[in-house]
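Spelled out, the chains give:
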Amino acid sequence: MATISELKNAVRETLESRGVMGQLKARIRAEVFSALDEQREARPSLSHENLLINELIREYLEFNKYRNTASVLTAESGQPETPLDRQFLATELKVSEDASSKSVPLLYGLVSHFLNSSDNRGKVLLRGAAVSISAPGHDS
C-alpha cells in the first residue's frame, strides 16, 4: 500500500504533467489577492493611462492563454472585470488597424510599429504624461 507521501508525489506529478499545477497556483494567488483586497482600504481609482496599459497587458495575456495571470492582474490592479472594447482602446491610443492586425493583441502592433519605424533615426521621443500618474507603490 502506498504511503501518504507517495500519494502526494503521484498527485503532484500528475497535475504537473497535465499542466494543471500552474493553473491551480495562479488561481490560488488570485483568490488570495482578492481576499486581501476585501480587507484593505478602498483602492484609489485607476488613472486613464493605467486603465489603458492594464487592458493592453490583459489582452496580451489572454491571447497567449495566460488566463490565470490575467485574473491575478485584474484582482490586484482593480481593473474592471469586463474587458474594455478593443475599438475603444484603438481609438484612445489613436491607432488605425487593418484586417490582419485585428487578429493579434494591440500590444503586438504597437511593438511592431516601433521595431519597424525608421523615423528620427530609429528612435522615438517619449514624453512624460500630461497629468500626474499615481502608480501603485509610487508616491507622487
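Note that the structure is predicted; figures quoted are calculated from it, not measured.

Caption draft 1: Inspection of the packing of aromatic side chains at higher detail. In this structure the tally under the stated criterion is 3 aromatic pairs. Look at Tyr60 and Tyr108: their rings are 5.9 Å apart centre to centre, the planes differ by 55°, and that puts the pair in the tilted class. Taken as a pair, Tyr60 in helix H3 (residues 48–63) and Tyr108 in helix H6 (residues 106–116) lie far apart in primary sequence, 48 residues in all. In this structure Tyr60 comes out as partly exposed when scored by relative accessible area, which is 28%. For Tyr108, a relative accessible area of 34% translates into the label partly exposed. Ring geometry for Phe63 against Tyr108: centres 5.8 Å apart, planes inclined by 70°, an arrangement best described as edge-to-face. Placement of the pair is Phe63 in helix H3 and Tyr108 in helix H6, with a sequence separation of 45 residues. In this structure an aromatic cluster arises from ring pairing among Tyr60, Phe63, Tyr66 and Tyr108.

Caption draft 2: Structural detail: the environment of Asn50. With respect to the secondary-structure elements, Asn50 resides in helix H3. Residue classification places Asn50 among the buried positions, given a relative accessible area of 14%. Sequence separation of Asn50 and Gln79 is 29 residues, and the distance between their C-alpha atoms is 8.9 Å.

Definitions and cut-offs
- Residues numbered from 1 in each chain as written.
- Predicted model: local features only at pLDDT ≥ 70, side-chain atom pairs only at ≥ 80, totals over all residues.
- Heavy atoms only, no water.
- Phe/Tyr/Trp six-rings, centres within 6.5 Å; stacked < 30°, edge-to-face > 60°.
- Helix = DSSP H or I, 4+ residues; strand = E, 2+ residues; numbered from the N terminus.
- Buried < 20%, exposed > 50% of the residue type's maximum accessible area, 1.4 Å probe, protein only.

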